[in-house]
Amino acid sequence: MSTSAMTGSPPRTEPAQDPPPPRDIPSGRRTWRQALRRDWQVYSLALLPILFFLVFRYLPMIGNVIAFRRFQPGGSILGEDWVGLRYVDMFLSDPAFWQVFRNTLWMGFLTLLFCFPVPIVLALLLNEVRRTALKRFVQSVSYLPHFLSIVIVAGITMQILASDGPVNHVLATFGHDPIRFIQEPEWFRTIYVGSEVWQTAGWGTILYLAALSTIDDDLYEAARIDGANRWQQTWHVTLPGIRPTMMTLLILNIGTFMAVGFEKIMLLYNPLTYPTADVVSTYLYRTGIESNSFSYAAAIGLFEAVIGLVLITSANQMSRKTVGTSLW
Amino acid sequence: MNRPTRGYRVFQGVNGVILTLVVVVTLYPFVNIVARSFSGERQIRAGEVTLWPKGFNLTTYRIVFGDGAFWRSYGNTVLYTVVSTIVAMTLTTIYAYVLSKKDLRGRGALIGIAVFTMFFSGGLIPNYVLITSLGMKNSIWAIALPNAISVFNLLVMKAFFENMPAELEEAAQIDGLSTYGILWRIVLPLSKAVIATMLLFYTVSFWNSWFSAFLYMDRTELMPATVYLRNLIAGATTGSNAGAGTDQLSQAAANIQSVTIVLTALPILAVYPFVQRYFVSGVMLGAVKG
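Treat the numbers as computed from the prediction; the structure is a model and nothing was measured.

1. Comments concerning the overall build of chain B
Point 1. Secondary structure assignment for chain B yields 14 helices and 0 strands.
Point 2. Going from N to C terminus, chain B has its helices and strands arranged as α-α-α-α-α-α-α-α-α-α-α-α-α-α.
Point 3. Principal axes of the C-alpha set define a box for chain B whose edges measure 75 × 70 × 35 Å.
Point 4. Put simply, chain B has 290 residues, and 49% of those count as buried.
Point 5. Taking as baseline every contact in chain B between residues at least 6 positions apart, the subset at least 24 positions apart corresponds to 72%.
Point 6. Of the side chains in chain B, 21 bear a positive and 12 a negative charge, and the two mean positions are spaced by 10 Å.

As structure tokens, this is what we get:
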């Protein structure tokens, strides 16, 4: 605070009898009563936002208890009576659940394998472009898919892969029969990961490019003097320079491992591709909202969330131990 | 400057080719969709449309423009986007302002309440149960209220407010302005840059969203354009109309899909060249401060 020089001795008198306390008492020394008296208008502004967080963010967290309680549609959102682990047992012995669980792991793994490194490579390549206009143009174009609705991305994906679309057109010129990509389970993962890379690669480069621009030029100079060629400079200076960014994004990616592109899968899959496309979140959507088994689906959702939590915490721990970067 | 080596020049060439490929691969799907939307059905079915429209015609545009359901969904999108953005901007701005008060008692807790929700959320089912029991189904509030504060946007705005010179507010306070007056007459007029950026973030995200409407809007006359488009796509994927006799019809449907995709993306594509740098700087700010 710029006025803190004025703070001689804070008034020690009875707070209730104080005149409005001087503005410059550090908040640590102000009592709640003083703070409320002085800042009640500020606190009043916070009321609606806090109400928002309590109702739409925290109440649903508590609402997860219906995973252990019988829930009646139209009844209390916290369920009617305790049933213990009944719903957990139910999905653990449900073969359909294990199938979607396997699919989720597959899809999460493939997404991580492809969507994580592509932005890094792209950023490194962009970083080598000396002409700013060209660099900016490539960047602007590569961000574009990020700004489109996922519905549009799904629509475009399907049109491109349609039996009369460009991909089949190319296949036809090689004398290949058209493939009905969208109906074939063995193609789903490729399509999903491919469209994901297409949509996210460019946008993902932003943070890496920012990290690259902060690397000290002297480091390159020193490496050159030591006789490092371009590749060695990349390996020994550039990559270590963006390592904290890489680790942070890797942890975040691992944290969303279980929640694989739920919305996009919803848009791209169909009963024919369920064998490979159906993941935990789409399965719980169908059981919960389409079949009204709210408690059962809530139990699955809780299970999914716990795995996600375990993943992100262990990734964070590992990162802190090995490279010294962590989210918290 | 030291001279680039021969190997590096080769690399530059290869790099140029790779980046050109990236541009082509990114843009080609758009070009193809636009070309399809202007093409004749026969030419599309023969797989002839690649870069340019073949058998140029505006029939499909005429069909879509003449379709009341499409316009209604488009109108819904506009309405939902405007209302949701107003609600979101209001709540985000006032909370960001509160959080930017560095000497506010309990500020840490107020920030914590928000940031915690970035890492933990209730999940689909409890949210659905909540919205349904609040009786918000088939109402615009099911879309506007549950998404009213994006914590990411909140942190960006908070960072902006924190960087404002404190003397301005102090002077205004001495002149007798209340907190509300300071926010309204001093802070907001000076924050046009961040307000414009946040407006943009929210508008684009509400324009693009489909899932909350899909979940909570049962009646077709309440669908936004994204859900309208989704239903077109879903009709095409389930193969329900892929029978031989309805080939003509499904072909027309594919054509209508292209037109709908183009029209739904159009507002975004139109403003994109002007706004993308704001997004980029917003993301950087959020990443640094968040």
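From this point, things continue past the structure.
2. Thoughts on unusual backbone geometry
Point 1. The backbone phi angle of asparagine 292 of chain A is positive, close to 60°, even though this residue is not glycine.
Point 2. Mapped onto the fold, asparagine 292 of chain A is located in the loop between α13 (280–290) and α14 (294–322).
Point 3. A residue is classified by how much of its surface remains accessible, and asparagine 292 of chain A, at 48% relative accessible area, is partly exposed.
Point 4. Even without being a glycine, asparagine 138 of chain B presents a positive backbone phi close to 60°.
Point 5. On the secondary structure map, asparagine 138 of chain B appears in the loop between α6 (124–133) and α7 (141–144).

3. Quick notes on the domain arrangement of chain A
A common way to state how big an interface is: give the accessible area lost once the parts meet.
Point 1. Domain assignment breaks chain A into domain 1 (32–59) and domain 2 (95–322).
Point 2. Using C-alpha coordinates to define each centre, domain 1 of chain A is positioned 38 Å away from domain 2 of chain A.

4. Quick word on empty space enclosed by the protein
Point 1. For the structure on display, the rule yields 2 cavities of 30 Å³ or more.
Point 2. Looking at the largest cavity, its volume works out to about 60 Å³.
Point 3. Lining the largest cavity are Thr77, Tyr80, Ile143, Phe206, Trp207, Ser209, Ser212, Ala213, Pro224 and Thr226 of chain B.
Point 4. When residues of the lining of the largest cavity are traced back to their parent elements, those giving at least two are α4 (68–99), α11 (192–208) and α12 (211–216) of chain B.
Point 5. Residue classes in the lining of the largest cavity are distributed as 6 nonpolar, 4 polar and no charged.
Point 6. Considering only enclosed or pocket space, the second largest cavity measures out at about 40 Å³ in volume.
Point 7. Every residue lining the second largest cavity is listed: Asn64, Leu284, Ala297, Ala298, Gly301 and Leu302 of chain A together with Gly122, Gly123, Leu124, Ile125 and Pro126 of chain B.
Point 8. Mapped by element, the contributors of at least two residues to the lining of the second largest cavity are α14 of chain A together with α6 of chain B.
Point 9. It is α14 of chain A that provides the largest number of residues to the lining of the second largest cavity, a total of 4 residues.
Point 10. Residue composition of the lining of the second largest cavity, grouped by class: 7 nonpolar, 4 polar and no charged.

5. Re the packing of aromatic side chains
The way to describe two aromatic rings as a pair is by their centre distance and the angle between their planes.
All names here are of chain A.
Point 1. Going through the model one piece at a time under the given rule, you end up with 46 aromatic pairs over all chains.
Point 2. An angle of 75° between the planes, with centres 5.2 Å apart, marks the rings of phenylalanine 97 and tryptophan 98 as edge-to-face.
Point 3. Under the relative-accessibility criterion, phenylalanine 97 is labelled buried at 0%.
Point 4. Exposure remark for tryptophan 98: the relative accessible area of 34% places this residue in the partly exposed category.

6. Looking at helix α1 (residues 6–37) of chain B
Because each turn of an α-helix spans 3.6 residues, side chains separated by three or four positions in sequence point in the same direction.
All names here are of chain B.
Point 1. Here α1 contains 32 residues, and its C-alpha end-to-end distance of 47 Å stays within 8% of the 46 Å for a straight helix at 1.5 Å per residue.
Point 2. When the local axis directions of α1 are compared, the greatest deviation, roughly 35°, occurs at leucine 27, which is followed within four positions by the proline proline 29.
Point 3. Listed as buried for α1 are Tyr8, Asn15, Leu19, Val23, Thr26, Pro29, Phe30, Asn32, Ile33, Ala35, Arg36 and Ser37.

7. Re the interface of chain A and chain B
Point 1. On the chain B side, the residues contacting the 88 residues of chain A number 95 residues.
Point 2. Regarding the contact of chain A and chain B, the summed buried area is about 8300 Å², with carbon and sulfur atoms giving 74% of it.
Point 3. Interface area lost by chain A to chain B is led by Phe147, Gln159 and Asp164 of chain A, which between them contribute 9%.
Point 4. For the pair chain A and chain B, the interface holds 2 salt bridges.
Point 5. Counting the contacts that link chain A with chain B gives 22 residue pairs in polar contact (both at pLDDT 80 or more).
Point 6. Of the residues assigned to the side of chain A that touches chain B, the class counts are 58 nonpolar, 18 polar and 12 charged.

8. Topic: the environment of alanine 154 of chain A
All names here are of chain A.
Point 1. Mapped onto the fold, alanine 154 is located in helix α6 (residues 150–161).
Point 2. Overall, the relative accessible area of 1% leaves alanine 154 in the buried class.
Point 3. For the pair alanine 154 and phenylalanine 97, spaced 57 residues apart in sequence, the C-alpha separation works out to 26 Å.

9. Notes on the packing of α4 of chain B against α11 of chain B
All names here are of chain B.
Point 1. It is the contact of α4 with α11, at a shortest axis distance of 9 Å, that shows an interaxial angle of 140°. In this view, α4 runs oblique relative to α11, as classed from their interaxial angle. The way α4 lies across α11 gives a crossing that is right-handed. Between α4, through Tyr74, Thr77, Val78, Thr81, Ser84, Thr85, Ala88, Met89 and Thr92, and α11, the contact on the second element is made entirely by Ile195, Met198, Leu199, Tyr202, Thr203, Phe206 and Trp207.
Point 2. Across the contact of α4 with α11, the residue classes tally to 10 nonpolar, 6 polar and no charged.

10. Quick word on the packing of α13 of chain A against α14 of chain A
Residue and element names in this part refer to chain A.
Point 1. Interhelical geometry of α13 versus α14 gives an angle of 160° and a closest axis separation of 7 Å. One finds that α13 runs roughly antiparallel with respect to α14. In the packing of α13 onto α14, the handedness of the crossing is left-handed. When α13 is examined against α14, the residues Val280, Ser281, Tyr283, Leu284, Thr287, Gly288 and Ile289 are found in contact with a partner set consisting of Phe294, Tyr296, Ala297, Ile300, Gly301 and Glu304.

Criteria and thresholds
- Residues numbered from 1 in each chain as written.
- Chains lettered and ligands numbered in written order.
- Predicted model: local features only at pLDDT ≥ 70, side-chain atom pairs only at ≥ 80, totals over all residues.
- Heavy atoms only, no water.
- Helix = DSSP H or I, 4+ residues; strand = E, 2+ residues; numbered from the N terminus.
- Buried < 20%, exposed > 50% of the residue type's maximum accessible area, 1.4 Å probe, protein only.
- Contact = heavy atoms within 4.5 Å.
- Lys, Arg positive; Asp, Glu negative; His and termini not counted.
- Charge placed at Lys NZ, Arg CZ, Asp CG, Glu CD.
- Domains from an automatic or database assignment.
- 1 Å grid on protein atoms, 1.4 Å probe; cavity = no way out; pocket = protein on both sides within 12 Å on 5 of 7 lines; lining within 4 Å.
- Points joined across faces, edges and corners; volume = space filled by probe spheres on them.
- Nonpolar A, V, L, I, M, F, W, Y, C, P; charged D, E, K, R; others polar.
- Phe/Tyr/Trp six-rings, centres within 6.5 Å; stacked < 30°, edge-to-face > 60°.
- Expected span 1.5 Å × (residues − 1).
- Bend = angle between axes of the 7 residues up to and from the residue.
- Buried area = accessible area lost by both parts, 1.4 Å probe.
- Salt bridge = Lys/Arg side-chain N within 4 Å of Asp/Glu carboxyl O.
- Polar contact = N/O pair within 3.5 Å; in protein donor to acceptor, adjacent residues only side chain to side chain.
- Axes fitted to C-alpha atoms, helices over the stretch in contact; angles between N-to-C directions.
- Parallel < 35°, antiparallel > 145°, perpendicular 65-115°, else oblique.
- Left-handed = near helix turned anticlockwise from the far one by under 90°.

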